[in-house]
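# Observations on the three-dimensional arrangement
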Amino acid sequence: MALDRKRSVRDRGSVRSRGSSSASSSDPREKLKDCCRQFVAFMFTQVGVGALVVSYAIMGAFAFMAIEGESENSENNDHVAHLRSSCLSRLWNVTDHLNVLEERKWKLDVRQVLLDHQQAMALAIKGGYDGRSNQERWTFPSALMFSLSVFTMIGFGHLVPRTQWGKIATMLYAVFGIPVYVLYFMNMGQVLASCFKWFYRKLVRCADARKDKPLTDADPTATNGNKEIIGVNSAGAVDELSDDMDEESYSGLVIVPSTACLWVWLTYLAVGTIMFAEWENWEYLDACYFCVTSLCKIGMGDFVPGANLQASSNQTKLIINFVYLLVGMGIIAMCYNLMKEEILVRLQELKADLIERLQDVSGRMRR
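Computed from a prediction, not measured in an experiment: that's the story for all the values here.

### Topic: the overall build of the protein chain
Counting its regular elements, the protein chain contains 12 helices and 0 strands. Along its sequence from the N terminus, the protein chain presents helices and strands in the succession α-α-α-α-α-α-α-α-α-α-α-α. Taken over 367 residues, the protein chain has a buried fraction of 33%. Summarising the internal contacts of the protein chain: among those between residues at least 6 apart in sequence, 72% fall at separations of at least 24. When the accessible area of the protein chain is evaluated, it comes to approximately 23400 Å², of which 60% is carbon and sulfur surface.

Set out below in structure tokens:
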């Protein structure tokens, strides 16, 4: 009887534990927590980080359009209209007073009126006047480029918020956006570096297959021209490639030379130079100057895309410019990762060489 009672108590406890586990599995709170964990894990992947940056830029574009585009800040336009009417009134007063009989005095007075108007217009332009309303100025492509310039720390300065809420939103947008961009920079550099290294590895194998020459005959320390650099193991010895080596080991030994990175960078720079020169009617030197200062996050602001794209159909080209700058910064991160890997290999080779020489010197001294 005692054994039967103990078994019944155990069965009841197991039933309760099963019921509690099933209740917890069907709990909507647990499901929500699992979904949040999966979403956060996805956002920290390469695809998730890229999607996060694009979504953050689009969100910022719509936010700045709503804040700055809908504001009734027409002080500059009203001020310029007042300057025009005042200049016309002064010119009429000069003409009416002199009756165009004293030509010399009339020219001096008119010149002074025009000079005052020119100085007043220069101050208005410095204050942000460009002849457009806020709706024309804060279009979606322009707001998208502004968002990109904020969280990438380029800061062109051609388009700035004028309202108090716009300035507060810009500060908050930069505080939360810069860490997102840094995360994108690191992840995209690793992804592009892995893809380019895989492509370069295929080219090296195809070139060696055409030459019908085994990879072990290559000079382990050769880095001239387009020759690959062989890896160095943890013991400081130079590893060699072999035909029966697996794909993973092969990819770990072939290092992309810095000359290939420079060629990729120069090719991407040439594409951007031609694109901006044709779309913006810039000189090729000015277009190249804009690409370098923008991709290097200098952001002078003297050349900004969109100044000559007034038609609504051409505004879509600004989105292509946005993609060009965003991908270009990823390519810079790729070149940084690949060149860092080559520098580490060179330092390991130098370390191995120094150790070997020191061992030779110590051996000679013992003799």
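### What about unusual backbone geometry?
Notably, Met 153 is not glycine yet its phi reads approximately 65°, a positive angle. With respect to the helices and strands, the residue Met 153 is situated in the loop between α7 (140–151) and α8 (164–211). Residue Met 153 is classed as partly exposed on the basis of its relative accessible area of 38%. The phi angle at Asn 281 is positive, at roughly 60°, despite the residue not being glycine. By the element assignment, Asn 281 lies in the loop between α10 (258–280) and α11 (284–295).

### Focus: the packing of α7 against helix α12 (residues 316–366)
A packed helix pair is summarised by two numbers, namely the angle formed by the two axes and the spacing between the axes. The contact between α7 and α12 brings their axes to 9 Å, and the two run at 15°. Taken as axis vectors, α7 and α12 run roughly parallel relative to one another. In this structure, the crossing between α7 and α12 has a hand that is left-handed. Seen from α7, the contacting residues are Phe 140, Pro 141, Ser 142, Leu 144, Met 145 and Leu 148; seen from α12, they are Leu 318, Ile 319, Asn 321, Phe 322, Leu 325 and Leu 326. Residue classes in the contact of α7 with α12 are distributed as 10 nonpolar, 2 polar and no charged.

### A closer look at α7
Helix length check: α7 (12 residues) gives 17 Å between terminal C-alpha atoms against 16 Å at 1.5 Å per residue, within 8%. Burial runs high along α7: 11 of the 12 residues are buried. Taken as a whole, α7 has its buried residues at Pro 141, Ser 142, Ala 143, Leu 144, Met 145, Phe 146, Ser 147, Leu 148, Ser 149, Val 150 and Phe 151. Count one or two residues on from α7 and you reach Met 153, which has phi positive near 65°.

### What to know about the confidence of the model for the protein chain
Residue-level pLDDT values for the protein chain average 76, and 71% of them are 70 or greater. Helix α1 (residues 2–25) is the least confidently modelled element of the protein chain, averaging 48 in pLDDT, while α11 averages 92, the highest of any element. Every residue in residues 14–24 is under pLDDT 50, and counting partners more than four places away or in other chains gives 1 contact. Every residue in residues 214–244 is under pLDDT 50, and counting partners more than four places away or in other chains gives 57 contacts.

### What to know about a nonpolar patch on the surface
A cluster of nonpolar side chains, Trp 165, Ile 168, Met 171, Leu 172, Val 175 and Phe 176, forms an exposed patch at the surface whose accessible area comes to about 710 Å². As for its placement among the helices and strands, Trp 165 is situated in helix α8.

### Some details on the packing of aromatic side chains
Between two aromatic rings, the relevant description is the distance of the centres plus the angle of the planes. Under the defined criterion, the tally for this structure stands at 17 aromatic pairs. On the numbers, 6.3 Å between centres and 25° between planes, the contact of Phe 64 with Trp 138 is stacked. Remark: Trp 138 occurs in the loop between α6 (134–137) and α7 and Phe 64 occurs in helix α3 (residues 46–69); sequence separation between them is 74 residues. Between the aromatic rings of Trp 282 and Phe 290, the centroid separation amounts to 5.4 Å while the plane-to-plane angle is 65°, which identifies the pairing as edge-to-face. Here Trp 282 matches Phe 290 in class, with each residue buried. The side chain of Lys 297 reaches across the aromatic face of Phe 185, ending 5.8 Å from its centre.

### A few points about the packing of α11 against α12
One way to put it is that α11 packs onto α12 with a least axis distance of 10 Å and a crossing angle of 60°. Helix-helix and strand crossings are classified by hand; for α11 and α12 the assignment is right-handed. Residues Cys 291, Ser 294 and Leu 295 of α11 lie in contact with α12, whose contacting residues are Tyr 324, Leu 325, Gly 328, Met 329 and Ile 332. When grouped by side-chain class, the residues that make up the contact of α11 with α12 number 6 nonpolar, 2 polar and no charged.

### Regarding the environment of Trp 138
Residue class for Trp 138 comes out buried when judged on its relative accessible area of 4%. The spatial distance from the C-alpha of Trp 138 to the C-alpha of Phe 64 is 7.7 Å, given a sequence separation of 74 residues. Among residues more than four places away in sequence, those in contact with Trp 138 are Phe 64, Met 65, Glu 68, Gly 69, Ala 143, Phe 146, Leu 159, Val 160 and Pro 161.

### Considerations on the pattern of salt bridges
According to the stated counting rule, one finds 3 salt bridges in the structure shown. A salt bridge links Glu 341 to Lys 197; the shortest N-O distance between them is 2.8 Å. On the criterion of sequence distance, the pair formed by Glu 341 in helix α12 and Lys 197 in helix α8 is long-range, its members being 144 residues apart. The shortest N-O distance in the salt bridge between Arg 357 and Asp 353 comes to 3.3 Å. Here the residue Arg 357 and the residue Asp 353 both occupy positions in helix α12, the gap between them amounting to 4 residues, near one helical turn.

Quick notes on the rules
Residues numbered from 1 in each chain as written. Predicted model: local features only at pLDDT ≥ 70, side-chain atom pairs only at ≥ 80, totals over all residues. Heavy atoms only, no water. Helix = DSSP H or I, 4+ residues; strand = E, 2+ residues; numbered from the N terminus. Buried < 20%, exposed > 50% of the residue type's maximum accessible area, 1.4 Å probe, protein only. Contact = heavy atoms within 4.5 Å. Areas by Shrake-Rupley, 256 points an atom, 1.4 Å probe, with all protein chains shown as cover. Axes fitted to C-alpha atoms, helices over the stretch in contact; angles between N-to-C directions. Parallel < 35°, antiparallel > 145°, perpendicular 65-115°, else oblique. Left-handed = near helix turned anticlockwise from the far one by under 90°. Nonpolar A, V, L, I, M, F, W, Y, C, P; charged D, E, K, R; others polar. Expected span 1.5 Å × (residues − 1). pLDDT = per-residue confidence, 0-100. Patch = residues over 30% accessible without salt bridge, like charges linked within 9 Å, V, L, I, M, F, W, Y side chains within 5 Å. Salt bridge = Lys/Arg side-chain N within 4 Å of Asp/Glu carboxyl O. Phe/Tyr/Trp six-rings, centres within 6.5 Å; stacked < 30°, edge-to-face > 60°. Lys NZ or Arg CZ within 6 Å of the ring centre and 35° of its normal.

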